[in-house]
Amino acid sequence: MARFAVLIAAVVLAFIVAAPVPEVAAKKYTVGENKFWNPNINYTIWAQGKHFYLGDWLYFVFDRNQHNILEVNKTDYANCIADHPIRNWTRGAGRDIVTLNETKHYYLLDGKGGCYGGMKLAVKVEKLPPPPKSAPAKSIGSVSMVTGLAQFIVPVALFSVSTVWDAILRMC
Ligand SMILES: *[C@@H]1O[C@H](CO)[C@@H](O)[C@H](O)[C@H]1NC(C)=O
Ligand SMILES: *[C@@H]1O[C@H](CO)[C@@H](O)[C@H](O)[C@H]1NC(C)=O
Ligand SMILES: *[C@@H]1O[C@H](CO)[C@@H](O)[C@H](O)[C@H]1NC(C)=O
Ligand SMILES: *[C@@H]1O[C@H](CO)[C@@H](O)[C@H](O)[C@H]1NC(C)=O
């Protein structure tokens, strides 16, 4: 019984120690890069190959007198209809942020000109960020803290497991 409890404790501890540090850095995308939110840019091509994850942002920069940024449903997106937007992301300064805080498709378009010059963008927001390939500089602090803690806990845990084990064996 005690042997079993010790084993369980060791396994649980191993899981806690081995749990990956999640990569939480949200990414900010400037839509259209240095061409921003303007006519005659194919935003489908702009979005190609990009992965949008929960918590990322889209940053729209545009002439506030000519354009805006509205979220519509799939049908209205396909037909460039801006009459009943789901959400108006326009604040008025020509600098707007769309926070991708829901795992869904976001259908965005320029409502002033009804997708004027192809100004429409659909992005699919996914839940899981990719596993970090290498620790970015700014999280080294926390990573090394966790690693340091693990380096301390693991030998202590192994030591106590073997001590208890020895005690159990001696009792048998
Ligand atoms: C989008 O909204 C329009 C107008 O409210 C509606 O007719 C259409 O069925 C909706 N499409 C979807 C996919 O929800
Ligand atoms: C969106 O909101 C902005 C800022 O409040 C407002 O000026 C604009 O008229 C709104 N546009 C639509 C289509 O609702
Ligand atoms: C996502 O952000 C928008 C705008 O800040 C907010 O209105 C909405 O409630 C948020 N959704 C969730 C699921 O948090
Ligand atoms: C943008 O590019 C996509 C993929 O190449 C294409 O299917 C689409 O028709 C283009 N859109 C416009 C408005 O040219």
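For the structure, see preceding data.
In this report, the structure presented in the accompanying data block is examined. As the structure is a computational prediction, the values presented were derived from the model and not from experiment. (Residues numbered from 1 in each chain as written. Chains lettered and ligands numbered in written order. Predicted model: local features only at pLDDT ≥ 70, side-chain atom pairs only at ≥ 80, totals over all residues. Heavy atoms only, no water.)

### Focus on the environment of Ile86
1) Next: With respect to the helices and strands, Ile86 occurs in the loop between helix H3 (74-79) and strand S5 (87-88).
2) Next: Among the residues examined, Ile86 registers a relative accessible area of 54% and is labelled exposed.
3) Next: With near-sequence residues (within four places) excluded, Ile86 lies in contact with Glu71, Val72 and Asn73. (Helix = DSSP H or I, 4+ residues; strand = E, 2+ residues; numbered from the N terminus. Buried < 20%, exposed > 50% of the residue type's maximum accessible area, 1.4 Å probe, protein only. Contact = heavy atoms within 4.5 Å.)

### Some words on the site of ligand 1
1) Next: Around ligand 1 sit Asn73, Thr75, Asp76 and His84, and those are all the residues in its vicinity.
2) Next: Residue Asn73 places a side-chain N or O atom 2.4 Å away from an oxygen atom belonging to ligand 1.
3) Next: Here a nitrogen atom of ligand 1 sits 2.8 Å away from a polar atom, N or O, in the side chain of Thr75.
4) Next: With the chains in place, 39% of the 360 Å² that ligand 1 exposes on its own is no longer accessible.
5) Next: Counted by class, the shell around ligand 1 contains no nonpolar, three polar and one charged residues. (Near = heavy atom within 4 Å. Polar contact = N/O pair within 3.5 Å; in protein donor to acceptor, adjacent residues only side chain to side chain. Areas by Shrake-Rupley, 256 points an atom, 1.4 Å probe, with all protein chains shown as cover. Nonpolar A, V, L, I, M, F, W, Y, C, P; charged D, E, K, R; others polar.)

### Things to note about the pairing of strand S6 (residues 95-99)
1) Next: Only one face of S6 is buried: it carries Asp96 and Val98, and the other face, with Arg95, Ile97 and Thr99, is open.
2) Next: Taken together, the five bridges between strand S3 (residues 57-61) and S6 define a ladder with antiparallel strand orientation. Paired with Phe60 across the strands is Asp96, a residue of S6. (Pairing = 2+ DSSP bridges.)

### Remarks on the packing of aromatic side chains
1) Next: Taken as a whole, this structure holds six aromatic pairs when the rule is applied.
2) Next: Ring geometry for Tyr77 against Tyr107: centres 5.2 Å apart, planes inclined by 50 degrees, an arrangement best described as tilted. Taken as a pair, Tyr77 in helix H3 and Tyr107 in strand S7 (residues 105-109) lie far apart in primary sequence, 30 residues in all. For the pair Tyr77 and Tyr107, one class covers both residues: buried.
3) Next: A network of ring pairs unites the aromatic residues Tyr29, Trp46 and Phe52 as a single cluster.
4) Next: The ring of Tyr59 is capped by Lys28, whose NZ or CZ atom sits 4.4 Å from the centre of that ring. (Phe/Tyr/Trp six-rings, centres within 6.5 Å; stacked < 30°, edge-to-face > 60°. Lys NZ or Arg CZ within 6 Å of the ring centre and 35° of its normal.)

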